[in-house]
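# What the coordinates show
Take a look at the letters that make up each chain.
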Amino acid sequence: MKNSAIPGAIFALLLSAVLGALIGWASQGWLGWAVFSAGLLWQLFYHLRHFVLLERWSRQPGLTTRLQGTGAWDEVLARLYRHERALKQEIGEARHNANMYVAAGQALIDGLLSLDPAGHIEWCNATAEEMLGLNRRTDLGQPLVNLVRHPEFVRHYHQGDYSRPFSMPSPADESRVLSLHIVIYGGKRRLVQIRDITQSRRLDEMRRDFVANVSHELRTPLTVLSGFIETLDGLDLDAQERQYYLKLMAEQSTRMQRLLDELLVLSNLESSPPPPVTERVNMTEMAAKILRDAQALSAGRHRISLENEGAGDLLGSEPEIASALSNLASNAVRYTPEGGEIRLFWQVNGNGARFTVEDNGIGIDAKYLPRLTERFYRVDRSRSRETGGTGLGLSIVKHALYRHQAHLEIESVPGKGSRFTACFPPGRVVS
Ligand code: ADP
């Protein structure tokens, strides 16, 4: 036995017995027993002393000073001391690792919740707490289905097929949609991963609406066109009538063309890299061109003017800025009855720059203003169509401005007129 203390202890006992026997045999009297008893007593005292030492230390094992004994005990105590120290170190490391896992779980963007085999909440991170409206102080140890009572979720939980995530409104906020994915681990324990999918749901809805809208917008002129083709094909028309139908057909195809062009502009705005911050756009020229285009579109039906206040240009993409500002001007022409007045302003000062289009046209009820920049949103669908509108104009304006850190302000009074202002921050303006 390597480094064993036992042979030493047995040797000491045997030594006192052999010594006692030898002396007893030599003296033929009580002296042998006395030596033997003294040896045993000494052994008893020696072991008792170390036992007391060990007993005291075991109550509160101190690891700062080495546990020291003598003789055979020294080795035993040293080994005990080493074991205790290694164990403490292992426990320390395990605790540190566990704390790191808990901290990682807390840092997750997703909610995380662990359940014991009976379905009681063992642990959850702050995100899960907030998403499910739980309170860690009072809800730990409670069955999850007592706290999240959505009937479909409770069914999903009990039915046990967790291959797909489950979606439901957040119990803390009905407007948020959560996806809960349950995973079984460590036998019968469950881990619930919670994600906020409100945004992706909204995007899905928007995508669906968008496809439905585009299909609808294209189907109308296509139906009209195919009707005219049948008419031209089936009826015996004179040259004037043919001319009339061909003109209507051309109008419908122009409408489809415009819609596709604007869809393309929107898609470019969404997918192209951010506009440059170094390219200078000559705004005096651009404002003058927007004025000319508006006058051409109005064809003398409106009084249109332009005023410049302060000199300055913009930094950014020329076609994007032009598209945004000319949309505002063409809307003013289209939604202002004949004889109305349209005023354009280009203003530059220390706070940035503003391009304003003011009209005294039909105006817009305040309740419609928040939705005006949504794709295909129109206050009056038939009026928009009559004037060649696609319902995408203000959406393009919003996107193009957003890409230049600019925003759109809208003020309007029904029957009195509207004011649309594109506001650019100082960082986009050069004087
Ligand atoms: P549209 O192609 O229909 O004009 P827009 O996105 O440009 O689409 O505008 C959305 C809606 O906002 C229009 O259908 C119209 O109802 C309203 N609108 C826009 N500009 C004006 C304006 N100057 N005066 C009154 N209504 C306006």
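### Some thoughts on the overall build of the protein chain
- Each helix and strand in the protein chain was counted, giving 13 helices and 13 strands.
- Here the C-alpha radius of gyration of the protein chain, 44 Å, is well above what a compact globule of 431 residues would show, namely 22 Å.
- Expressed as a percentage of its 431 residues, the buried residues of the protein chain come to 35%.
- Carbon and sulfur atoms provide 57% of the accessible area of the protein chain, an area that totals close to 26000 Å².
- With 49 positive and 48 negative side-chain charges, the protein chain shows a separation of 9 Å between the mean positions of the two kinds.

### Comments concerning the sheet that holds strand E12 (residues 417-424)
- Ordered by their spatial adjacency, 5 strands build an open sheet running E7-E9-E10-E12-E11, and the pairing between neighbours is mixed. Of all the strands in the sheet, the pair left with one neighbour each is strand E7 (303-309) and strand E11 (407-413). Sheet twist, expressed as the average angle between the axes of neighbouring strands with direction ignored, equals 10 degrees.
- Two elements, strand E9 (residues 341-349) and strand E10 (residues 352-359), share 8 bridges in a ladder whose sense is antiparallel. Residue pairing in the sheet places Trp-346 in a bridge with Phe-355 of E10.

### Focus: the layout of surface pockets
- A volume near 860 Å³ is recorded for the largest pocket.
- Taken together, 44 residues make up the lining of the largest pocket; nearest its centre are Asn-327, Ser-330, Asn-331, Arg-334 and Gly-393.
- Tallying contributions element by element places helix H11 (residues 318-334) first for the lining of the largest pocket, with 11 residues.
- Residues that form the lining of the largest pocket fall into these classes: 19 nonpolar, 15 polar and 10 charged.
- Domain assignment of the residues forming the lining of the largest pocket places at least three in each of domain 3 (200-271) and domain 4 (280-430).

### Comments concerning the domain arrangement of the protein chain
- What the domain assignment reports for the protein chain is domain 1 (5-95), domain 2 (109-196), domain 3 (200-271) and domain 4 (280-430).
- Each of domain 1 and domain 4 has a C-alpha centre, and the two are 98 Å apart.

Reading the values: rules and limits
Residues numbered from 1 in each chain as written. Predicted model: local features only at pLDDT ≥ 70, side-chain atom pairs only at ≥ 80, totals over all residues. Heavy atoms only, no water. Helix = DSSP H or I, 4+ residues; strand = E, 2+ residues; numbered from the N terminus. Rg over C-alpha atoms; globule rule 2.2 N^0.38 Å. Buried < 20%, exposed > 50% of the residue type's maximum accessible area, 1.4 Å probe, protein only. Areas by Shrake-Rupley, 256 points an atom, 1.4 Å probe, with all protein chains shown as cover. Lys, Arg positive; Asp, Glu negative; His and termini not counted. Charge placed at Lys NZ, Arg CZ, Asp CG, Glu CD. Pairing = 2+ DSSP bridges. Axes fitted to C-alpha atoms, helices over the stretch in contact; angles between N-to-C directions. 1 Å grid on protein atoms, 1.4 Å probe; cavity = no way out; pocket = protein on both sides within 12 Å on 5 of 7 lines; lining within 4 Å. Points joined across faces, edges and corners; volume = space filled by probe spheres on them. Nonpolar A, V, L, I, M, F, W, Y, C, P; charged D, E, K, R; others polar. Domains from an automatic or database assignment.

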